[in-house]
Amino acid sequence: MLPARALALAARGRVWLLVRSGGPTGKVLYEGVLEQGKTLPLTLSSRIWLRVGAPSALDVRVGGRLVTAGEYRAFMQDGGYARPELWLSDGWRTVHERGWRAPLYWEPVDGAWFQFTLSGFRPVTDAEPVTHVSLYEADAYARWAGKRLPHEWEWQYAAQGPDGRLYPWGNAWDAAVVPELDKGRALPPPSAVDAHPKGASPFAVMDMVGNVWQWTDEFDDPHTRAAILRGGSHYHPQGTRWYFPEAFKLNEHGKFLLMAPSTDRSGTVGFRCVVDAE
């Protein structure tokens, strides 16, 4: 059975599912509308394709830009870390056990917020996408804002549109419309959320690839718990395998194992929100 969180919109009959036993030419195991509680004939080699209709059929509006550090500070100033109604139960327990009051490495200094980085201690810049936040923190912010995190297929359609393009702006890679790749030992800050408008998707959604990875769906099975990250990041250090390979193409993603709350607060991961259309 697919995770309930991943079926929140699919249960409305808006998503068509195709399951094959292997690659694109494998035996069709299931084809039809994805429904809440549907048990699917999945195997370890199964491949799944989703197809959606027009944006209005999704009943959702995807945020045109990533959530910024300035917007996240407003959540903090409104008592976001002290309001249990905003948090999933595991997240609220983690907030108390670990004493979270801000993103990882943020520190208040004389009424302003600074952050520790590999390049030194620097002020938090409001226009940058917020990073160093866990899936729990991103979810709490979204609930505070009256929104939620996107499902992966919502993110996919917002980035790609109906024509199946390989990148948000078209089918050819264009390094000029995304942040420059950082390949050094230090982790520089991400670009401001409005810095690369020419890289926007067909629906004018910016920073879908190349600035920071973005939280989408969480999945679990009897052995692991993971989240799907989309979009890749500007940081691509050389000579190490400790980082994801980049996933700038819209047919690529990263699977991030959620082993402990302290390990998923990364400087290369941010998020955007969606709101269900009325």
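Quick note: structure is the one above.
Residues numbered from 1 in each chain as written. Predicted model: local features only at pLDDT ≥ 70, side-chain atom pairs only at ≥ 80, totals over all residues. Heavy atoms only, no water.

Looking at the sheet that holds strand β11 (residues 269-270)
Sheet strands associate in pairs through backbone hydrogen bonding, adopting either a parallel or an antiparallel arrangement. How we decide: Any two strands with at least two DSSP bridges between them are considered paired. In this text, helices come from DSSP runs of H or I with a minimum length of four residues, and strands from runs of E with a minimum of two, each type numbered from the N-terminal end. The criterion used for residue contact is that any of the two residues' heavy atoms lie within 4.5 Å. For helices, the fitted line uses only the C-alpha atoms of the stretch in contact; every axis is such a line through C-alpha atoms, and the angle between N-to-C directions lies from 0 to 180 degrees.
Read across the sheet, four strands follow the order β10-β9-β8-β11 without closing on themselves; strand pairing throughout is mixed. A single partner strand is all that each edge strand has here, and the edge strands are β10 (254-257) and β11. With two bridges connecting them, strand β8 (residues 213-220) and β11 associate as parallel partners. Along β11, the bridge assignment pairs Gln 214 with Gly 270. Packing against the sheet, helix α3 (residues 135-144) makes contact with β8 and β9 (225-230), and its axis sits at approximately 105 degrees to β8. Sheet contacts for helix α4 (residues 152-160): β8 and β9; angle to β8, the most-contacted strand, approximately 150 degrees.

Some remarks on α3
The condition is simple: Type-normalised accessible area, obtained with a 1.4 Å probe on protein chains alone, sets the label of each residue: buried when under 20%, exposed when over 50%, and partly exposed for intermediate values. Counting of polar contacts relies on pairs of N or O atoms within 3.5 Å, with two restrictions inside protein: one atom must be capable of donating a hydrogen and the other of accepting it, and residues adjacent in sequence are counted only when both atoms are side-chain atoms.
Burial runs high along α3: eight of the 10 residues are buried. For α3, the set of buried residues is Leu 135, Tyr 136, Glu 137, Ala 138, Asp 139, Ala 140, Tyr 141 and Ala 142. Considering only its buried residues, α3 is in contact with α1 (69-77), α2 (89-98), β8 and β9. Between the side-chain oxygen of the N-cap and the backbone nitrogen of Tyr 136 there are 3.3 Å, and the N-cap of α3 in question is Ser 134. One or two steps after α3, the chain reaches Gly 146, where phi turns positive at roughly 75 degrees.

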